[in-house]
Amino acid sequence: MSESSLKEQVKQMYQMILDAKHTTVLTGAGISVSSHVPDMEMMTNVFGFSESTTLENHPDTFWSEFHKDFVDPIFKYGPNKSHRVLAKLEQADHLDGIVTTNVDYLHNIAGNTNVMPIWSDLNTNHCINCGRIFDINHLKDAIPRCPNCNGVLSPDPVFRHIATLPDEVRRANQIMQNSDLTIVIGSNGYYSQTSNQHVININHKTNTFDQRSDLILRHSSDDVFNELEQIL
């Protein structure tokens, strides 16, 4: 697809955002690829039950791998263009909120305030000894430990074995039902929308949202949002 057609598609996308009364964004692992955060397959492997056992029995092994795959990219690269422009959309009152299956907390770091992480995120970390909870900044240590009892910290998605958060799911359901436009970014269809919504699907691969999308952009999300930023 040519550069000119990308510009035209993004203009159409922007007009749809302007016309909508309630826009919601749904993001999956694809939005964080340029931040070097692993895709869903690696997430499932790392956040599985066996890894939780490794955390308890071999925290040095667990945290060495977890830093390499998740923590280090988050702090080294941070939010990418897509995350940052979504924050600008919220600040301009064009976006009601973000529903995400990602756990990397990058939407919040970028500045979005109404984020529903239905599988939790790395801003919640449990001391496996005393149960105290600490934010993402405590993960910077090689083996994050509780400053109160020295117990090893467990990221909430690992602690919960990637179970959904019921309160966040309820919030997500409500905001999705109230939306008249959903922008799907790098998601393969974990979350379904209501039938009366318009849908913009940003994904360089075909996926389950294609058949119900009003606009499909076969580009990386950073390319799309870099273009959108020029006309905001």
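Structure first, text after, so check above.
An account of the accompanying structure is given in this report. (Residues numbered from 1 in each chain as written. Predicted model: local features only at pLDDT ≥ 70, side-chain atom pairs only at ≥ 80, totals over all residues. Heavy atoms only, no water.)

**Thoughts on the overall build of the chain**
Argument step 1. A tally of regular secondary structure across the chain gives 9 helices and 9 strands.
Argument step 2. Relative to its 232 residues, the chain shows a buried fraction of 51%.
Argument step 3. Summarising the internal contacts of the chain: among those between residues at least 6 apart in sequence, 61% fall at separations of at least 24.
Argument step 4. Surface summary for the chain: the accessible area is close to 10800 Å², and the carbon and sulfur share equals 46%. (Helix = DSSP H or I, 4+ residues; strand = E, 2+ residues; numbered from the N terminus. Buried < 20%, exposed > 50% of the residue type's maximum accessible area, 1.4 Å probe, protein only. Contact = heavy atoms within 4.5 Å. Areas by Shrake-Rupley, 256 points an atom, 1.4 Å probe, with all protein chains shown as cover.)

**Structural notes on empty space enclosed by the protein**
Argument step 1. Overall, the coordinates contain 1 cavity of 30 Å³ or more when judged by the stated rule.
Argument step 2. Each pocket or cavity is described by its volume, and for the largest cavity that value is around 40 Å³.
Argument step 3. In terms of lining residues, the largest cavity is bounded by Thr100, Asn102, Asp104, Tyr105, Leu106, His107, Asn108, Val115, Pro117 and Asp121. (1 Å grid on protein atoms, 1.4 Å probe; cavity = no way out; pocket = protein on both sides within 12 Å on 5 of 7 lines; lining within 4 Å. Points joined across faces, edges and corners; volume = space filled by probe spheres on them.)

**Points about the sheet that holds strand β4 (residues 125–127)**
To summarise the sheet geometry, strands pair through backbone hydrogen bonds and adopt either a parallel or an antiparallel arrangement.
Argument step 1. The strand order across the open sheet formed by 3 strands is β5-β4-β6, and the pairing between neighbours is antiparallel. Edge positions in the sheet fall to β5 (133–134) and β6 (153–155), since each of these pairs with one other strand and no more. (Pairing = 2+ DSSP bridges.)

**Points about the nonpolar core**
Argument step 1. Counting 27 residues, the largest nonpolar core has Trp63, Phe66, Val99 and Leu122 as its most contacted members.
Argument step 2. Those elements giving two or more residues to this core turn out to be α4 (59–77) and α8 (166–178).
Argument step 3. With 6 residues, α4 is the largest single contributor of residues to this core.
Argument step 4. Residues in contact with Val99, not counting those within four places in the same chain, are Thr24, Val25, Leu26, Thr27, Met116, Ile118, Ala172, Ile175 and Met176.
Argument step 5. The next biggest cluster of nonpolar side chains, apart from the first, holds 24 residues, and it includes Val10, Leu181, Ile183 and Ile202. (Core = buried A, V, L, I, M, F, W, Y, C linked by side-chain atoms within 4.5 Å.)

**Focus on the packing of aromatic side chains**
Both the distance between ring centres and the angle between the ring planes are used here to describe each pair of aromatic rings.
Argument step 1. Tallying each qualifying case throughout the model produces 4 aromatic pairs.
Argument step 2. Ring centres of Phe62 and Trp63 lie 5.3 Å apart, and the angle between their planes is 90°; this geometry places the pair in the edge-to-face category.
Argument step 3. You can call Trp63 buried: its relative accessible area is 0%.
Argument step 4. Measuring from ring centre to ring centre gives 5.1 Å for Phe62 and Phe66, while their planes differ by 20°; the resulting arrangement is stacked. Placement of both Phe62 and Phe66 in helix α4 is noted, with a separation of 4 residues, approximately one turn of the helix. Grouping residues by exposure puts Phe62 and Phe66 together as buried.
Argument step 5. Put simply, the rings of Phe62, Trp63, Phe66 and Phe70 touch in pairs and so form one group of aromatic residues. (Phe/Tyr/Trp six-rings, centres within 6.5 Å; stacked < 30°, edge-to-face > 60°.)

**Observations concerning unusual backbone geometry**
Argument step 1. In this structure, Asp93 is a non-glycine residue whose phi angle is positive, near 65°.
Argument step 2. Within the element layout of this structure, Asp93 appears in the loop between α5 (81–91) and β2 (97–100).
Argument step 3. The phi angle at Ser120 is positive, at roughly 70°, despite the residue not being glycine.
Argument step 4. Topologically, Ser120 is positioned in the loop between β3 (115–117) and β4.
Argument step 5. With a relative accessible area of 3%, Ser120 lands in the buried category.

**Some words on α8**
Because an α-helix packs 3.6 residues into every turn, residues spaced three or four apart end up facing the same way.
Argument step 1. If you check α8, its first and last C-alpha atoms are 19 Å apart, about what 13 residues at 1.5 Å a residue would give, namely 18 Å.
Argument step 2. Within α8, the full set of buried residues consists of Glu168, Ala172, Ile175 and Met176. Relative to the axis of α8, the buried residues are bounded by an arc of 100° and lie together on one face. Those residues of α8 that are exposed and angled more than 90 degrees off the buried face are Arg170, Gln174 and Gln177.
Argument step 3. Those residues of α8 that are buried are in contact with β1 (23–27), β2, β3 and β7 (181–185). (Expected span 1.5 Å × (residues − 1). Arc of directions from axis to C-beta.)

**Focus: the state of the cysteines**
Argument step 1. One pass over the structure, following the stated rule, counts 0 disulfides.
Argument step 2. Of all cysteine sulfurs in the structure, the one in Cys149 sits closest to Cys127, which takes part in no disulfide; the separation is 3.4 Å.
Argument step 3. Residue classification places Cys127 among the buried positions, given a relative accessible area of 2%.
Argument step 4. Under the relative-accessibility criterion, Cys149 is labelled partly exposed at 30%. (Disulfide = S-S within 2.5 Å.)

These figures capture arrangement, not role.
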